[in-house]
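Each chain, letter by letter, is given below.
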Amino acid sequence: MSFRDDNEESRDLKKPFLHTGSWYRMSSRQSSIMGSSAQVLRDGSISVVLCVLIVALGPIQFGFTCGYSSPTQAQIISDLNLSVSEFSIFGSLSNVGAMVGAIASGQIAEYIGRKGSLMIAAIPNIIGWLAVSFAKDSAFLFMGRLLEGFGVGIISYTVPVYIAEISPQNMRGSLGSVNQLSVTIGIMLAYLLGLFANWRVLAVLGILPCTILIPGLFFIPESPRWLAKMGMMEDFEASLQVLRGFDTDISVEVNEIKRTVPSSSRRTTIRFADLKRKRYWYPLMVGIGLLMLQQLSGINGVLFYSSNIFERAGVSSSNLATFGLGAIQVVATGVTTWLVDKAGRRLLLMVSSSGMTLSLLLVAVAFYVEGIVSDNSDLYGIMGILSLVGLVAFVISFSLGVGAIPWVIMSEILPVNIKGLAGSIATLANWLTSWAITMTANLLLTWSGGGTFTVYAIVAAFTIVFVTLWVPETKGRSLEEIQSSFR
């Protein structure tokens with residue numbers, strides 16, 4: 001019995017939610033007849049980049065959702081007569097929705113494919129933004145925010161996994177970092193447009209990324225590794241061929257992927273008990289650890305308090321300064337995208353964590369000194385500027401590694417047969433930690449500004465130790481080689 005016969009039942013149960021049509025099934029000989037119109041498809045790197053740019057609309061939506069509440073707080077509170085606590089609930093509901101989406105994301109992506117799960121994520125995002133835009137009271141506002149969060153939770157898992165599974169190994173780190181780059185672009189756009197548009201118009205603009213993403217999904221191939229796992233070998237080879245270019249010999253990569261597929265497809269249900277095996281728990285521990293440490297470094301708390309730091313440093317327009325901070329994030333994350341396949345994941349993570357530790361300590365010292373000197377003294381003003389410098393340095397350091405690379409590594413190291421379950425757990429851990437930091441930041445900062453940033457600095461320092469001892473280097477290795485190294 002052939003491999004495809006063995007997997008007939010799996011194919012009946014799990015089929016791609018979206019078919020891209022027959023265009024990408026063309027053989028190299030057929031495509032050559034099309035002449036110049038097929039040139040883009042023959043160039044594998046261009047084909048992959050186009051696919052990444054289309055799915056990157058999802059993380060842009062993710063970032064826009066995260067950045068939306070900052071420039072709109074005063075307007076929403078005024079128009080809907082909300083209390084500050086009610087607006088805080090509105091802000092945190094996206095995290096709650098994202099946790100629900102994270103729980104479902106792995107299984108959705110396994111059962112209907114990576115593209116299908118992005119379609120599922122896009123629809124509640126659009127409905128959520130419409131609900132926010134037309135909200136007359138807090139009920140519609142809260143419902144819309146929950147729906148947005150649910151879609152973002154699915155996007156946060158599916159996009160890095162899809163990018164990792166379609167990318168050639170020499171470009172996987174850079175293309176994977178596009179995920180976080182797109183998030184920062186989304187945040188910056190929310191800050192920028194929030195300077196000019198009112199909160200209802202801004203919510204309508206929030207619909208655009210997913211509105212463009214939905215038709216775009218019909219023009220890109222499904223993940224070849226997912227197709228291979230489902231036993232759809234003809235679709236698998238056609239998908240890989242268009243991603244690598246019709247003039248490229250893909251036989252070596254096809255055979256390498258096929259070798260890993262039989263062992264992962266004999267059993268389609270993975271139980272929590274299976275995660276006790278080292279080949280599973282070790283990569284899961286690394287993935288969860290990196291994604292939790294990313295949030296425990298206090299990035300959300302620091303950004304939450306940034307406007308106060310700007311004001312104390314004498315910056316008159318805190319909204320404009322916040323946009324500037326968002327722009328700095330985009331530039332620094334862009335540098336990471338360029339460096340990650342050259343310098344390697346581990347080195348960038350250690351440099352990033354070291355910079356975060358030093359900059360957080362700088363902010364902590366500034367807070368401690370401010371607490372013991374007079375508000376009218378020159379030293380107090382100097383400390384305000386010092387805390388601003390520390391904040392900018394922290395955001396740059398975070399964006400140079402810890403912001404993007406944990407998602408890249410999570411998508412690379414999880415074995416294909418547990419990726420759905422383990423990826424959901426890791427993504428849930430990230431969102432749960434993000435919610436905890438967001439909810440506790442104000443309380444901690446009220447308790448002690450210096451103490452809060454000292455705690456964040458200790459976590460950043462521990463990240464250096466964690467990366468040094470437990471995180472493997474994945475640069476220049478195929479996904480199959482990475483995952484087999486844990487056996």
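Structural data are supplied above this passage.
S.K.: Sorry, what's going on with the overall build of the protein here?
M.R.: Each helix and strand counted, the protein has 24 helices and zero strands in total. Split into buried and exposed, the 487 residues of the protein put 59% on the buried side. For the protein, long-range pairs separated by at least 24 residues make up 84% of all intrachain contacts whose partners lie at least 6 apart in sequence. With an accessible surface of roughly 19200 Å², the protein has 66% of that area assigned to carbon and sulfur atoms.

S.K.: How should the pattern of salt bridges be read in this particular structure?
M.R.: Where charged atoms from two side chains of opposite charge approach closely, those side chains can pair. Applying the stated criterion across every chain yields a total of 13 salt bridges. Across the pair Glu110 and Arg114 runs a salt bridge, and its minimum N-O distance is 2.9 Å. Here Arg114 and Glu110 lie together in helix H7 (residues 84-133), a separation of four residues that amounts to about one turn. By the burial criterion, Glu110 is buried, and Arg114 matches it.

S.K.: What's the story with the packing of H7 against helix H22 (residues 419-447) in this structure? I'm lost.
M.R.: For any two helices packed against each other, one specifies the crossing angle of their axes together with the interaxial distance. Running from N to C, H7 and H22 cross one another at 170°; their axes reach a closest spacing of 9 Å. By the angle between their directions, the pair H7 and H22 is classed as roughly antiparallel. Of the residues in H22, those touching H7 at Ser92, Asn95, Val96, Ala98, Met99, Ala102, Ile103, Ser105, Gly106, Gln107, Glu110 and Arg114 are Lys419, Gly420, Leu421, Ser424, Thr427, Leu428, Trp431, Leu432, Ser434, Trp435, Thr438 and Met439.

S.K.: It is not clear to me how the side chain of Gln241 should be interpreted in this structure. Could you clarify?
M.R.: Here Gln241 shows up in helix H13 (residues 233-244). A relative accessible area of 18% places Gln241 in the buried class. Those residues in contact with Gln241 that lie beyond four places of it in its chain are Phe246, Thr248 and Ile250.

S.K.: How do you make sense of the nonpolar core when you look at a structure like this?
M.R.: In summary, soluble globular proteins display a tendency toward joint burial of nonpolar side chains. In this structure, Tyr68, Ile76, Phe90 and Leu141 are the most contacted members of the largest nonpolar core, which totals 49 residues. Those elements that provide at least two residues to this core are helix H5 (44-55), helix H6 (57-80), H7, helix H8 (138-166), helix H9 (172-194), helix H10 (199-205), helix H11 (208-216) and H13. The dominant element in this core, judged by the number of residues it contributes, is H7, at twelve residues. If we skip the residues at most four places from it in the chain, Phe90 touches Tyr68, Ser69, Ile76, Val132, Leu141, Phe142 and Arg145. Formed by 39 residues, the second largest nonpolar core is a distinct cluster that contains Leu349, Phe394, Ala441 and Tyr456.

S.K.: For this particular structure, what's the right way to read the environment of Met143?
M.R.: Mapping Met143 onto the fold places it in helix H8. Sequence separation between Met143 and Ala131 is twelve residues, and the spatial gap between their C-alpha atoms is 7.2 Å.

S.K.: Sorry, what's going on with the packing of aromatic side chains here?
M.R.: Each aromatic ring pair is summarised here by two numbers: the centre-to-centre distance and the angle between the ring planes. Tallied over the full model, the rule gives eleven aromatic pairs. For the pair Phe394 and Phe398, a centre-to-centre distance of 6.4 Å together with 35° between the ring planes defines the contact as tilted. Residue Phe394 and its partner Phe398 are both found in helix H20 (residues 378-399); the two are separated by four residues, about one turn of the helix. Here the aromatic residues Phe64, Tyr68, Phe87, Phe90 and Trp129 are joined through ring pairs into a cluster of three or more.

S.K.: What is the right way to read a nonpolar patch on the surface from this model?
M.R.: A contiguous nonpolar patch, built from Val96, Leu146, Leu432, Trp435 and Met439 and spanning about 390 Å² of accessible area, is present on the exposed surface. Ranked by the residues each element gives to the nonpolar patch, the list is headed by H22, at three residues. Of note, Val96 is situated in helix H7.

S.K.: Can you help me understand the packing of helix H19 (residues 345-370) against helix H23 (residues 449-470) in this one?
M.R.: Their axes nearest at 8 Å, the elements H19 and H23 cross at an angle of 165°. On the basis of the axis angle, H19 is roughly antiparallel to H23. Here H19 runs over H23; the crossing is left-handed. Tallied by class, the residues present in the contact of H19 with H23 amount to 16 nonpolar, nine polar and one charged.

S.K.: Looking at this structure, how should I read the side chain of Ser177?
M.R.: Following the sequence through the fold, Ser177 ends up in helix H9. If we ignore the near neighbours within four places in the chain, the residues touching Ser177 are Thr333, Thr336, Thr337, Val340, Ala404 and Val408.

Reading guide: rules and limits
Residues numbered from 1 in each chain as written. Predicted model: local features only at pLDDT ≥ 70, side-chain atom pairs only at ≥ 80, totals over all residues. Heavy atoms only, no water. Helix = DSSP H or I, 4+ residues; strand = E, 2+ residues; numbered from the N terminus. Buried < 20%, exposed > 50% of the residue type's maximum accessible area, 1.4 Å probe, protein only. Contact = heavy atoms within 4.5 Å. Areas by Shrake-Rupley, 256 points an atom, 1.4 Å probe, with all protein chains shown as cover. Salt bridge = Lys/Arg side-chain N within 4 Å of Asp/Glu carboxyl O. Axes fitted to C-alpha atoms, helices over the stretch in contact; angles between N-to-C directions. Parallel < 35°, antiparallel > 145°, perpendicular 65-115°, else oblique. Core = buried A, V, L, I, M, F, W, Y, C linked by side-chain atoms within 4.5 Å. Phe/Tyr/Trp six-rings, centres within 6.5 Å; stacked < 30°, edge-to-face > 60°. Patch = residues over 30% accessible without salt bridge, like charges linked within 9 Å, V, L, I, M, F, W, Y side chains within 5 Å. Left-handed = near helix turned anticlockwise from the far one by under 90°. Nonpolar A, V, L, I, M, F, W, Y, C, P; charged D, E, K, R; others polar.

Everything listed here is a matter of coordinates, which is why it stays silent on function.
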